[in-house]
Structures are given as structure tokens and as C-alpha cells.
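Residues per chain are reported as follows:
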Amino acid sequence: MRPRLPLAAGMAAARVAGRVSRLAGAGGGTTLPGKLLNVLDPTAVRRLASRLPRGSAIVSATNGKTTTAAMVAEILSPKVKLAHNRAGANLLSGIASTLLSSNGAELGLFEVDEAALPDVARRVRPQAICLGNLFRDQLDRYGELELVAERWRGVARDLDPASVLVVNGDDPQVGDLARERERAVVFGLDDPACGSPTLQHAADSKWCVRCGTPYDYSVAYVGHLGDYRCPGCGHARPALDLAARAVEPHGLEAVSFDLVDSEGSLRVRLPLPGLYNVYNAVAAAALAGVLGASREQIRSGLERFDAAFGRFERIRVGDESVLILLVKNPAGANEVVRTLVAGGPPRLAVIALNDAIADGRDVSWIWDVDFEPLLERLDRVVVSGGRAAELALRCKYGGFPETGIEVVPELDRALDRGLELTPPGGELVVLPTYTAMLSLRGIATDRGWVKPYWERAA
Amino acid sequence: MRIRVGHLYPDYLNIYADRGNIAVLSQRAAWRGHDLGVESISMGDRLDPASHDLLYVGGGQDREQALVARDIAGKGEELREAAASGVAMLAVCGGYQLLGRFYRERSGVELPGAGVLPLHTVWGDRRMIGDVLLACELEPGEPRTLAGFENHAGRTILEDGAKPLGHVVAGYGNDGSSGSEGCWAGRIVGTYLHGPLLPRNPWLADWLLAQAIGHQTGETPTFEPLEDSLEGLAHSVSAARARARGGKAAR
């Protein structure tokens, strides 16, 4: 057996690495210290997490984990000192870095990558896990959806019986995890008026998790999330412990809804648009409730919520503004498109597609996104990123006139071109993939438009 | 002219953006004054070998592919009849495996395929994932390249007399060792390349459309080229990715 370094020594070395990383301009130092710590001491995360007096909670999902965790943080943070990986470093190294830099924290709040969940949960031993949804995402990196679902079933099996599992009942694979579990909270949407009676193109999990028969949906809200029943074996959406009802959108600014549980109903005005953000808010409310937040804390936390890092972020640029909406997989991008179209579609958009590992090297997913409702309303589209030409083809074969497509692979030039085409006082809509979003924020930081994320996260 | 396309299992096999391939066929046919009529042929549907000029089979996740496997084996006779009568076909990834004779699972059990192409696939423990570049020559004296992305665990073995679609310039290909990729037989093309395949490789879309028209009229046309500069740009970026970071075949 390898001799174990004292925890303090490993922590000190790793913290220095974080400062060096920032000084060297390599970013926020949000993963390097943790990577180093895990090498120096593989038991560090377990030991650091066990020191948190109020334990830890984990949020995972294909879409919305950063936003959901940030909402929980907003609800809890006035009262509880958190160790929270706010900048989205959600692998084991990111969790370790967060634990390192959170002196005096009472509660750990971690968004965790879907594939990393088993390993992180085993070490962190959370008192609650909130699971939001499973969509097809980066097949080249995660493998098929079923592989991730199988890992999650293992996580649910191995979770301490005293811990609480919070699940989205509207997702058949995820909702089924809480079956036969005593300590569980099931959340979902319950407002058929805001859904659709049919599934979108390329919906996942269309087939019964028990018997393989296609589900009947009485309503589908986002992708395959909805109210389903199997005509073969009767497997159906579980009863909801916490539901959103009477959803009312307010353009691109906000959405209101009733948060309903057995104790009553609470009207919430969330300052973010989109049905997917209603899901994030209900998930956050369910988890925050488990962690001891009062109804009033939940309402006020959600109502003062400021969008998570790059997810729906407005940046002022002189008289104009730039609205950044992260797109990373078909289900998430479809909701971004739907929200834009419903909230007053723009005439111009910059769409940026990169193909680094964090974006997915396989860019075929852009063909599964229903961009058409947005394209129909645009006069011009500036495509950018390393795979700008693929986006150009997506627009061209989606019926968009080739003369309206500008290919500008360099992100800074695409941003400049977009702003040049934006009317005075107007807003430029930018849809970047993950690493393109990081680069865009880097450009915005360099130009003094926003503070760097590691300062903001502090 | 109306080009009659049968899209097999679009509700099950659609994992790698297969509708991108259909969109390219449809638009390029339209730009040449033809109309692409696409009919869905799914589980339990009858396949009439005489009523299609082009059949398309896409890729699915393992679960969906297993659900489809039994059904497509049951359509084997009709598919082979269509192939013998000169119907054009494009099969991608899972669909490519399903057109073969069988798929041997990890347990050794062989799942029958449609038996259209002289090949079979065996389970492998390492997935072959990455960008790919192929060199092809479907028309004598007209060498071409295909750029795409592959993600498969199965190793496909071409049997005696089977011709590959192309030779691997960069990437894994059929089995990661032979240097061959896909299968080409008359008007039929099977391949692991998605991405999707046709938008950045429009020459193959045109070849398939010409074969489909050839099936209907008895005369395979030669098309005038279209404005393909965006397609060319996407192809060159994808080809560069394959050269820089495609899987290394063990040759």
C-alpha cells in the first residue's frame, strides 16, 4: 500500500497549483488543484466531504444541472455557507477543488457530470441526490443513453437508505429510480396546457423501461419528459410530491408558475424564461426543501435568481447587449429555440459550434435540433466555431437561403460581426456550445465587459 | 420525376442525425427538378420491393437496434428482391450491420440480419470512436473522399467477393485492422460513417440519387454540378480532423 500523505500537505500543494494556474492565465484554476489533490491523496474527497457539518447534496442531469444547483445555492446561501462548484467543474477533480477552496463551509452542494456520478457519490456520501433528466448527449463521450441509465440505477441501489433521492417523475428512466424507495421525493410538471400532445423529433426513452412497448403520452413537455403510461404493462408516471402548475410565460424575461405540494400552493415568478427552467426550479425547490429550506426561502430564492454561468446571460456592451444561451445537445437546444421563438424571436443570431471533447467531437447532434422555427424568422445567421461550416450546412439544408449565411469561424470576429449587424440599442442573440461559450466569456472578460468567472464565483 | 424513397424504421433508427441525410437527398433532388417522396417503413409494416427506388436504413442505440433486428430479418426476402432488381440503398452504422448476414453477440449468439450484403459483424470489447477519412472510387477514374465520424463496437467482416466502400486514410473502418470501410455492391452502399454522412459528402448523395433514377428509368443520369462551396469547406475541416485525431487502425 502506498504511504498516505497527510491531508493538509496534499491540500497545500494543490492550492498552490490553483494560484499558479490562474497566474499562468490557464483559467480559473477550478480543476487543476483537485486533479493534483486526487493524485496526491485518492481518499481526499471522501475525507474532506465527511468534515462538512451538514453533509452534502448532489445534482445531476443531462440538462440543467448547473442551473438547478445554482438555484439551490441561491435559496440556501443567505443562511448556509456552501461548498459549491459554481463554475461548472463537475468531475471529481472539480469537486475536490471546490472542497479545497471552501474553508468553513457547512454544506456541500455539487453539480456532478452524469458519467462521474457513481464515483463522486461513492466518495461524497451525500444526504440527498437530485436527478433531473437523461437525454442523448455526446455519444462519443458518454456512450449510449442506456449505459448512463444503468450507472444511475447502480447509484440509486447503493445510496444509503437514510439519504433522500429526489427525482423527476416526468422522465421514465429517472422517475423509475425512486420506485420502492422509502426516502424519495418525486417532482414534475402538471400543466397540460403548456405541453404538446406529441413527442418531438428524436425523443429519447420512448419505450417502456419495463417491457419495451412505446409509451402513450397524454402530454409531453420537454423532449420525452411528460405524463406517460405504457399500454403494455401499465408502467406510468409516479404520483408527484411537488409539481409546477398554471405556467405562464412572460416573453424572454420570466415565467410564473404555482409550486404545489400536499401543504398547498405557492406562486413563483422566476426571472428566466423557458419550460426547461421551470423544471430546473421545481427540482431546486424539491432539493432545497429536503435540505431544510422553508417555503418562503424557496420562493424568494427562485425570484431573485440570476442565470447560471453562460446559460442565459445578458452582457451589456455599450448601448447594446449580448444574450448568451448555451446549446449542447438536441433536447437542450430545442428548448432554447422554443423559448426564443415564443419570447419574441430575433432577426439575427450567432451560432457557434466547437468540437472539443467537452462539446462532443461528433457534431451530428446539430441535425437532431429543430432549428427550423428559429431559422424561419431569421434574416441572417452568422455561424462560428471550429465547425462553423457544418452549421452552415445545417442552415442551408434546413431551407435557409445561402445568401443569408455568413461563415466566420473565429469567435471574436463573429461576435464583432454580430454586434455590427445589431441595430443601436438592440440585443444580439448568441447560441454557443460549451467551449465556445467559455471562449466568448473569455473575450467578454478581456474586453472588460464582465468579471472573470472565478472572481464572480468567489 | 418523383423519386420514391423508403425510410426503414425512422422512429427507431435515428441516433446519428439520419434526417440530415434525408434532407440532403430531398433538397438536392429538388434543386434538379425532382421530387423526393419519403415513405416510412417501420415495425410490422409490409415492404413492397417494387415500389421504391431508394431504401435508407439509419443507426440506432443497442436497445433500439435489438428491437428492430428481428423485424428486419423478417423483411429479408423482400429486401434481397429489391436489391436484385436494382433498388439503390444506403445503410449507415446500425443499419449497415443489419443488412449483413448476422451479428454475433458477446455471448456467441448470432442474430440474423437481412442478408442483403455479404458480410457479418462480431461484437468487440473496444468501441471504435473518432473522425474518419476514406478514399473511394465508385465510378472508374473518379477517385473521391468521404469524411465522417464513426462510433461502433461491432467489427464487420467482409466475406468473399464483397467490395469495401473505400479504403481508410485515417480512422478505424470496418474492423480497425483491415483498412477497409463499408461495403459497396452495385447500387448499394453500407458504411459506419455518420456525421451525418451526406451533407459534407454531397457527391455520394448525387450518386445515390442518380442510381435511384436509374432504377426507375433504366438510365442512370449524369448531373450538372451544384454550388457546393459550403459543403467543400465542411468536408475539408472534417477530413483534417480525421487526419489529426482519427482512430489509428492496427495495420
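Residues numbered from 1 in each chain as written. Chains lettered and ligands numbered in written order. Predicted model: local features only at pLDDT ≥ 70, side-chain atom pairs only at ≥ 80, totals over all residues. Heavy atoms only, no water.

Draft legend 1. Spotlight on the overall build of chain B. Along the backbone of chain B there are six helices and 14 strands. In terms of overall size, chain B behaves like a compact globule, its C-alpha atoms giving a radius of gyration of 17 Å where 251 residues would be expected to give roughly 18 Å. Residues counted as buried form 59% of the 251 residues belonging to chain B. Long-range pairs, those at least 24 residues apart, make up 71% of the contacts in chain B between residues at least 6 apart in sequence. Carbon and sulfur atoms make up 50% of the accessible area of chain B, which totals about 9,500 Å². Separation between the mean location of the 25 positive side-chain charges and that of the 31 negative ones in chain B comes to 6 Å. (Helix = DSSP H or I, 4+ residues; strand = E, 2+ residues; numbered from the N terminus. Rg over C-alpha atoms; globule rule 2.2 N^0.38 Å. Buried < 20%, exposed > 50% of the residue type's maximum accessible area, 1.4 Å probe, protein only. Contact = heavy atoms within 4.5 Å. Areas by Shrake-Rupley, 256 points an atom, 1.4 Å probe, with all protein chains shown as cover. Lys, Arg positive; Asp, Glu negative; His and termini not counted. Charge placed at Lys NZ, Arg CZ, Asp CG, Glu CD.)

Draft legend 2. Focus on the overall build of chain A. Within chain A one finds 17 helices and 17 strands. Here the C-alpha radius of gyration of chain A, 22 Å, is about what a compact globule of 458 residues would show, namely 23 Å. Overall, the C-alpha framework of chain A stretches about 65 × 60 × 40 Å when taken along its three principal axes. Within the span of chain A, comprising 458 residues, buried residues form 61% of the whole. Look at the contacts in chain A between residues 6 or more apart in sequence, and 68% of them connect residues 24 or more apart.

Draft legend 3. Fine view of the nonpolar core. Residues Leu287 of chain A together with Leu99 of chain B are the most contacted members of the largest nonpolar core, which totals 155 residues. The leading source of residues in this core is helix H10 (residues 275-290) of chain A, at twelve residues. Setting aside residues no more than four positions away along its own chain, Leu287 of chain A makes contact with Ala57, Ile58, Val59, Val72, Leu109, Ala128, Cys130 and Val166 of chain A. Ranked by size, the runner-up nonpolar core spans 40 residues in total, among them Val45, Ala49, Trp152 and Leu177 of chain A. (Core = buried A, V, L, I, M, F, W, Y, C linked by side-chain atoms within 4.5 Å.)

Draft legend 4. Expanded view of the sheet that holds strand E6 (residues 110-112) of chain B. All names here are of chain B. In space, the four strands of this open sheet follow the order E6-E5-E7-E10, with mixed pairing throughout. Where the open sheet ends on each side, the last strands, each with one partner, are E6 and strand E10 (155-158). With strand direction ignored, the average angle separating the axes of adjacent strands in the sheet is 20 degrees. Sheet analysis places strand E5 (residues 102-104) next to E6, joined by three bridges and oriented antiparallel. Opposite Phe102, over in E6, you have Pro112 as the bridge partner. (Pairing = 2+ DSSP bridges. Axes fitted to C-alpha atoms, helices over the stretch in contact; angles between N-to-C directions.)

Draft legend 5. The arrangement of the pairing of strand E7 (residues 119-122) of chain B in detail. Residue and element names in this part refer to chain B. Where burial is concerned, the two faces of E7 agree: the one with Leu119 and Thr121 and the one with His120 and Val122 are both buried. Examined bridge by bridge, E5 and E7 share two bridges and lie parallel to one another. Paired with Tyr103 across the two strands is Thr121, which belongs to E7. Two elements, E7 and E10, share four bridges in a ladder whose sense is antiparallel.

Draft legend 6. Examining the side chain of Asp362 of chain A more closely. Looking at the secondary structure, you find Asp362 of chain A in the loop between strand E14 (348-352) and helix H13 (372-375). Although Asp362 of chain A lies buried, it forms no salt bridge, and the closest oppositely charged side chain, Arg200 of chain B, sits 6.0 Å away as judged by the N-O distance. Of note is the side chain of Asp362 of chain A, whose polar atom sits 2.8 Å from the side chain of His194 of chain B. (Salt bridge = Lys/Arg side-chain N within 4 Å of Asp/Glu carboxyl O. Polar contact = N/O pair within 3.5 Å; in protein donor to acceptor, adjacent residues only side chain to side chain.)

Draft legend 7. Molecular detail of the sheet that holds strand E8 (residues 128-136) of chain B. All names here are of chain B. Taken in spatial order, the four strands make up an open sheet running E9-E8-E11-E12, and their pairing is antiparallel. Where the open sheet ends on each side, the last strands, each with one partner, are strand E9 (144-152) and strand E12 (180-181). Inspection of the sheet shows E8 paired to strand E11 (residues 166-170) by three bridges, in the antiparallel sense. The partner of Leu133 across the bridge, within E11, is Ala170. Taken strand by strand, helix H6 (residues 229-245) contacts E8, E9 and E11, and its axis lies near 115 degrees from that of E8.

Draft legend 8. Layout of the packing of aromatic side chains. Enumeration according to the criterion identifies six aromatic pairs over all chains in this entry. Aromatic side chains Tyr397 of chain A and Trp31 of chain B sit 5.5 Å apart centroid to centroid with 45 degrees between the ring planes, which places their arrangement in the tilted category. On the criterion of chain membership, the pair formed by Tyr397 of chain A in helix H14 (residues 388-397) and Trp31 of chain B in helix H1 (residues 18-31) is interchain, its members lying in two chains. Residue class for Trp31 of chain B comes out partly exposed when judged on its relative accessible area of 39%. Ring geometry for Tyr96 of chain B against Tyr192 of chain B: centres 5.1 Å apart, planes inclined by 85 degrees, an arrangement best described as edge-to-face. (Phe/Tyr/Trp six-rings, centres within 6.5 Å; stacked < 30°, edge-to-face > 60°.)

Draft legend 9. Spatial organisation of the interface of chain B and chain A. Tallying the contact residues gives 40 residues for chain B and 36 residues for chain A. Both faces combined, the contact of chain B with chain A buries some 3,300 Å², and carbon together with sulfur accounts for 52% of it. Considering only the side of chain B, the residues that lose the most area to chain A are Arg19, Arg63 and Leu230 of chain B, jointly responsible for 22% of the buried surface there. Our count for the chain B to chain A interface comes out at five salt bridges. The salt bridge partner of Lys396 of chain A is Glu231 of chain B, with a shortest N-O separation of 2.7 Å. One can count 16 residue pairs in polar contact (both at pLDDT 80 or more) joining chain B with chain A. (Buried area = accessible area lost by both parts, 1.4 Å probe.)

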